[in-house]
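If you want the building blocks of each chain, they are given just below.
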Amino acid sequence: MSLKAFAARIFAKSVYRRTQKWVKDPVKTQEKVFNMLLSRAKHTAFGKDHNFNSIHTYEDFAKAVPVRDYEALRGYIERVVKGESDILWPGKPDYFAKTSGTTSGAKFIPITSESIKYQVQASRDAMLLYIHETGRASFVDGKMIFLQGSPELSEKNGIKFGRLSGISAHYVPNYLQKNRLPSWKTNCIEDWETKVDRIVEETREEDMTVIAGIPSWVQMYFERLTVATGKKVGDLFRNFELFIYGGVNYEPYRSTFEELIGRKVASIELFPASEGFFAYQDRQDKKGMLLLLNSGIFYEFIKAEEYGSENPERLTIKDVEVGVNYAMVISTNAGLWGYDLGDTVQFISLNPYRIVVSGRIKHFISAFGEHVIAKEVEQAMQEAIQKTGAQVQEFTVAPQITPQQKELPYHEWFIEFVKKPEDLDQFAKYLDKALQEQNSYYLDLIKGKVLQPLKITPVRKSGFQEYMKSMGKLGGQNKVQRLSNDRKVAEGLEKLQQG
């Protein structure tokens, strides 16, 4: 064992012990975070406007600070962007993470020195807890690649901004700098396809042990590696041990990955966002991700079924239940207060608090009252793949409300296969059955002849990549929308199919 690997095991043990301290006292941990946030921000413009000096309990906070999304908080954020100090958090943020807005252009998410510290720490701790659990540390001697956006940053009123992954690239610890790929020059390439080709050339002869990124884009990298070398990824990188991912559910991609790699590889799921790093997979033998309660973020939860109502009940972690779909609301050490993140989660354990990401609160299908969510379609896809041996590149689901020939409406699944099932109709039946078993509303609509069983529209090879490229969202942290309540994505795919 190398000195570096030996040191990693010692450090991993220390991180495990530190983590267990707050894991064993979760409610008190969140109370400390809550009080710290209020104390630090009471003299900010937001703190004064919402009478933070008069807030002594969570109930006081819930009355004083409404739940807001980005648009509702935009007035304060724009003051920060203009260069004002002490608006949402003391001083000015160190960075803005620039993301695509869904309603009115770009969003600038503030990142402070406190919040970036926890972003970096969480990424590191996820790997260290893997080392502590498995005892495997030799991978720290190999090369690591993180498929991400460009680290080049712009500046606005003295504050740098860029993609979150690009900002994070500036915080890679010194002890990993020699292990890290691709080169800085390659990482700065904006065109994703050019960038992946360059990464292939830089890595094909290296001893890659850790590879990280959104599954769909890592799959593209693996495919190009295979074409360039004529070898499976696992033969090319014999010490490749760990795949780290976030953003989407890995399970629909797992069989395709194992085919490309040629063997099974351990994986760690992360739940990072520009607004904060919320959870990571802390155990290989447990499902779900550990909710990070000691990272400068105070969490609230609203039942998805109450979301959008006039006065939904806001819950803290001590009141949540297993298996309920919640919209997640956060208050953070970057100055986001009662912030509606837009993601939905379900708790699968309360001791410790572990979650799975179930989707986006605005990404669902309920054209007929079924309220199908991302977690359900991904689980259905996983079951159909396991039963048929099919392999899937990408997929999305949309309602077909007005089909031709006066037939019943249905859910249309656009699927790009790597390996098609022998019987596509049987594959569709497996999908539909799995969805009915998870969603009683959908089951009732099928039984009541309101909907007919789902239909599959195969998408040609690279069809989703072409669609994302046409939208200016190829690669990086961009993800295909898994499902929607309209046909915007469906129409985009149909247009490319016909072109």
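Everything discussed here concerns the structure shown above.
Right, let's walk through the structure included here. (Residues numbered from 1 in each chain as written. Predicted model: local features only at pLDDT ≥ 70, side-chain atom pairs only at ≥ 80, totals over all residues. Heavy atoms only, no water.)

### Some details on the overall build of the protein
For the protein, the helix and strand inventory stands at 18 helices and 18 strands. Against the 2.2 N^0.38 benchmark of 23 Å for 499 residues, the protein shows a C-alpha radius of gyration of 23 Å, consistent with a compact globule. For the protein, the spread of C-alpha atoms along the three principal axes comes to 65 × 60 × 45 Å. For the protein, buried positions account for 53% of its 499 residues. For the protein, the share of sequence-separated contacts (at least 6 apart) that also reach a separation of at least 24 residues comes to 67%. A total of about 22600 Å² of accessible surface is found on the protein, and carbon and sulfur atoms cover 48% of it. With 68 positive and 63 negative side-chain charges, the protein shows a spacing of 4 Å between the two charge centroids. (Helix = DSSP H or I, 4+ residues; strand = E, 2+ residues; numbered from the N terminus. Rg over C-alpha atoms; globule rule 2.2 N^0.38 Å. Buried < 20%, exposed > 50% of the residue type's maximum accessible area, 1.4 Å probe, protein only. Contact = heavy atoms within 4.5 Å. Areas by Shrake-Rupley, 256 points an atom, 1.4 Å probe, with all protein chains shown as cover. Lys, Arg positive; Asp, Glu negative; His and termini not counted. Charge placed at Lys NZ, Arg CZ, Asp CG, Glu CD.)

### A word on the environment of Ile-348
Note on placement: Ile-348 falls in strand 14 (residues 339–350). When the C-alpha atoms of Ile-348 and Lys-406 are compared, they prove to be 42 Å apart, with 58 residues separating the residues in sequence. Sequence-distant contacts of Ile-348, that is, excluding residues within four places in its chain, are made with Lys-287, Gly-288, Val-322, Arg-354 and Val-356.

### Section: the packing of helix 11 (residues 215–229) against helix 13 (residues 251–261)
Following both chains from N to C, one finds helix 11 and helix 13 inclined at 25°, their axes separated by 10 Å at the closest point. On the basis of their axis angle, the class for helix 11 and helix 13 is roughly parallel. Crossing geometry of helix 11 relative to helix 13 is assigned as left-handed. Contact residues: helix 11 offers Pro-215, Ser-216, Val-218, Gln-219, Phe-222, Glu-223 and Thr-226, while helix 13 offers Tyr-253, Thr-256, Phe-257, Leu-260 and Ile-261. Each residue belonging to the contact of helix 11 with helix 13 can be placed in one class, and the counts come to seven nonpolar, four polar and one charged. (Axes fitted to C-alpha atoms, helices over the stretch in contact; angles between N-to-C directions. Parallel < 35°, antiparallel > 145°, perpendicular 65-115°, else oblique. Left-handed = near helix turned anticlockwise from the far one by under 90°. Nonpolar A, V, L, I, M, F, W, Y, C, P; charged D, E, K, R; others polar.)

### Some remarks on helix 11
Since there are 3.6 residues in each turn of an α-helix, residues three or four apart along the chain are aligned in direction. Helix length check: helix 11 (15 residues) gives 21 Å between terminal C-alpha atoms against 21 Å at 1.5 Å per residue, within 8%. Along helix 11, the residues classified as buried are Pro-215, Ser-216, Trp-217, Val-218, Gln-219, Met-220, Tyr-221, Phe-222, Glu-223 and Leu-225. In the segment just after helix 11, Gly-230 is the residue with positive phi, at about 75°. (Expected span 1.5 Å × (residues − 1).)

### Structural notes on the nonpolar core
Tyr-299, Phe-301 and Trp-337 are the most contacted members of the largest nonpolar core, which has 86 residues in total. With eight residues, the single largest contributor to this core is helix 6 (residues 113–134). If you look at the next biggest cluster of nonpolar residues, it comprises 40 residues, including Val-233, Ile-261, Tyr-467 and Ala-490. (Core = buried A, V, L, I, M, F, W, Y, C linked by side-chain atoms within 4.5 Å.)

### Quick look at the layout of surface pockets
If a probe the size of a water molecule is rolled over the atoms, the empty space left behind becomes visible. The computed volume of the second largest pocket comes to approximately 450 Å³. Residue lining of the second largest pocket: 16 residues in total, with Ala-304, Glu-305, Asn-325, His-371 and Tyr-441 positioned closest to the centre. (1 Å grid on protein atoms, 1.4 Å probe; cavity = no way out; pocket = protein on both sides within 12 Å on 5 of 7 lines; lining within 4 Å. Points joined across faces, edges and corners; volume = space filled by probe spheres on them.)

### A few points about the packing of aromatic side chains
In total, this model carries 31 aromatic pairs according to the counting rule given. Considering the side-chain rings of Phe-243 and Tyr-245, the 5.6 Å spacing of their centres and the 20° angle between planes classify their relative orientation as stacked. Each of the two residues, Phe-243 as well as Tyr-245, counts as buried. Here the aromatic rings of Phe-278 and Tyr-299 are separated by 6.4 Å at their centres, their planes lie at 75°, and the arrangement is edge-to-face. Residue Phe-278 is found in strand 10 (residues 276–280), and its partner Tyr-299 is found in strand 12 (residues 297–303); the two are separated by 21 residues along the sequence. One exposure class covers both Phe-278 and Tyr-299, and it is buried. Grouped by ring-pair contacts, the aromatic residues Tyr-221, Phe-222, Phe-240, Phe-243, Tyr-245, Tyr-250 and Phe-257 constitute a single cluster. Above the face of the Tyr-118 ring, Lys-117 is positioned so that its terminal group lies 5.5 Å from the ring centre. The ring of Tyr-410 carries Lys-455 above its face, with NZ or CZ at 4.8 Å from the centroid. (Phe/Tyr/Trp six-rings, centres within 6.5 Å; stacked < 30°, edge-to-face > 60°. Lys NZ or Arg CZ within 6 Å of the ring centre and 35° of its normal.)

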